[in-house]
Amino acid sequence: YDLPQEVVPGVWSAIGATAPGTYANSGHNNNLSFVITGEGVVVVNAGDNYLLAKALHDEIKKITDQPVRYVVLENGQGHAMFGIVQSVHMRRMR
């Protein structure tokens with residue numbers, strides 16, 4: 001898992017591997033991004049698994065106190081959506 005980097009002010013992205021998901025890359029083989037707005041955070045892609053999604057949400061909490069309001073899935077592939085359970089859980093925790 002690569003930590004999110006600020007691309008432009010308020011827009012962050014953790015760039016994934018350009019290879020299939022493996023134990024070594026924690027299933028992080030797509031880009032996990034988020035946008036911090038005045039009303040909350042919009043996450044783009046939920047990640048491949050619960051732990052990857054949790055790691056992303058832990059980083060979001062270090063960067064902002066804003067709650068996650070929306071999770072946008074760019075497609076129905078596993079690397080974009082399997083972490084949605086963690087994303088929903090974190091939204092309820094706020």
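This structure is a prediction, so every number in the text was calculated from the model and none was measured.

**Student:** So what's going on with the pairing of strand S1 (residues 5–8)? Residues and values would help.
**Tutor:** Strand direction decides the pairing type here: S1 and strand S2 (residues 11–14), joined by 3 bridges, are antiparallel. Paired with Val8 across the two strands is Val11, which belongs to S2.

**Student:** Describe in detail the side chain of Ser13, supporting the description with residues and values.
**Tutor:** Looking at where Ser13 falls in the secondary structure, it is placed in strand S2. Of the polar contacts made by the side chain of Ser13, one reaches the side chain of Ser33; its length is 2.8 Å. If we ignore the near neighbours within four places in the chain, the residues touching Ser13 are Leu3, Pro4, Gln5, Val7, Asn31, Leu32 and Ser33.

**Student:** Give a detailed account of the nonpolar core, specifying residues and quantitative values.
**Tutor:** Trp12, Ala14, Leu32, Phe34, Val41, Val43, Leu52, Leu56, Ile60 and Val68 form the largest nonpolar core, which has 10 residues in total. Of all the elements in the fold, those that place two or more residues in this core are S2, strand S3 (32–37), strand S4 (40–44) and helix H1 (50–63).

**Student:** How would you summarise the sheet that holds S4 if you had to cite specific residues and measurements?
**Tutor:** The mixed open sheet is built from 5 strands, whose spatial order is S1-S2-S3-S4-S5. Of all the strands in the sheet, just S1 and strand S5 (68–72) have a single pairing partner and so form its edges. Across this sheet, the average inter-strand angle for adjacent strands is 25°, counted without regard to direction. Across 4 bridges, the pairing between S2 and S3 is antiparallel. Bridge pairing links Val11 to Val35 in S3. On the sheet, H1 packs against S2, S3, S4 and S5 and is oriented at approximately 30° with respect to S3.

Basis of the calculations
- Residues numbered from 1 in each chain as written.
- Predicted model: local features only at pLDDT ≥ 70, side-chain atom pairs only at ≥ 80, totals over all residues.
- Heavy atoms only, no water.
- Pairing = 2+ DSSP bridges.
- Helix = DSSP H or I, 4+ residues; strand = E, 2+ residues; numbered from the N terminus.
- Polar contact = N/O pair within 3.5 Å; in protein donor to acceptor, adjacent residues only side chain to side chain.
- Contact = heavy atoms within 4.5 Å.
- Core = buried A, V, L, I, M, F, W, Y, C linked by side-chain atoms within 4.5 Å.
- Buried < 20%, exposed > 50% of the residue type's maximum accessible area, 1.4 Å probe, protein only.
- Axes fitted to C-alpha atoms, helices over the stretch in contact; angles between N-to-C directions.

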